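Listed below are the residues making up each chain.
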Amino acid sequence: QVQLVESGGGLVQPGGSLRLSCEVSGGIFRIYDMGWYRQAPGKQRELVAMYTNLGRINYADSVKDRFTISRDNAKNAVYLRMNSLKPEDTAVYYCNSDPPNVGSWGQGTQVTVSS
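Described in the following lines is the structure provided in the data block.

Conventions adopted
Residues numbered from 1 in each chain as written. Predicted model: local features only at pLDDT ≥ 70, side-chain atom pairs only at ≥ 80, totals over all residues. Heavy atoms only, no water. Phe/Tyr/Trp six-rings, centres within 6.5 Å; stacked < 30°, edge-to-face > 60°. Helix = DSSP H or I, 4+ residues; strand = E, 2+ residues; numbered from the N terminus. Buried < 20%, exposed > 50% of the residue type's maximum accessible area, 1.4 Å probe, protein only. Lys NZ or Arg CZ within 6 Å of the ring centre and 35° of its normal.

Moving on: the packing of aromatic side chains. A complete count under the given rule lists two aromatic pairs for this structure. Ring geometry for Tyr37 and Trp105: centres 5.2 Å apart, planes at 85°, overall edge-to-face. Residue Tyr37 is located in strand β4 (residues 34-39), and its partner Trp105 is located in the loop between β9 (91-97) and β10 (109-113); the two are separated by 68 residues in the primary sequence. By relative accessible area, which is 6% here, Tyr37 ends up buried. A ring pair is formed by Tyr94 and Trp105, whose centres lie 5.8 Å apart and whose planes are at 80°; its orientation type is edge-to-face. A residue pair is termed long-range when its members are at least 10 positions apart, and Tyr94 in strand β9 and Trp105 in the loop between β9 and β10 qualify at 11 residues. Classification of Tyr94 as buried rests on a relative accessible area of 11%. We classify Trp105 as partly exposed; its relative accessible area is 24%. The rings of Tyr37, Tyr94 and Trp105 are connected pair by pair, giving a single aromatic cluster. Lying over the aromatic face of Tyr79, Arg19 brings its terminal NZ or CZ to 4.2 Å of the ring centre.

Listed below in structure tokens is the structure:
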């Protein structure tokens, strides 16, 4: 069983920045492709950034050049640095593998971008 705990969300003004953290336990972290997902009210959950176990990185077009994903295998952690935040980035952010382990979704962390 894999447990995922997200943190770092909050309220930020447009143009501001946040850094999200994800702590992973219960799995062999280094073998997984890890990603950040988000879900806004009434919207489907979407993958916004992915960092493979071989170091390849992919971003959704909506966040490209603004968000940066990183991982630390020694700490079993994955991070998401979000810059130049926009109101449309408002969502609950989750971490999970890619493809996701459907039984391991955490509570997520709320990001609200508003003036």
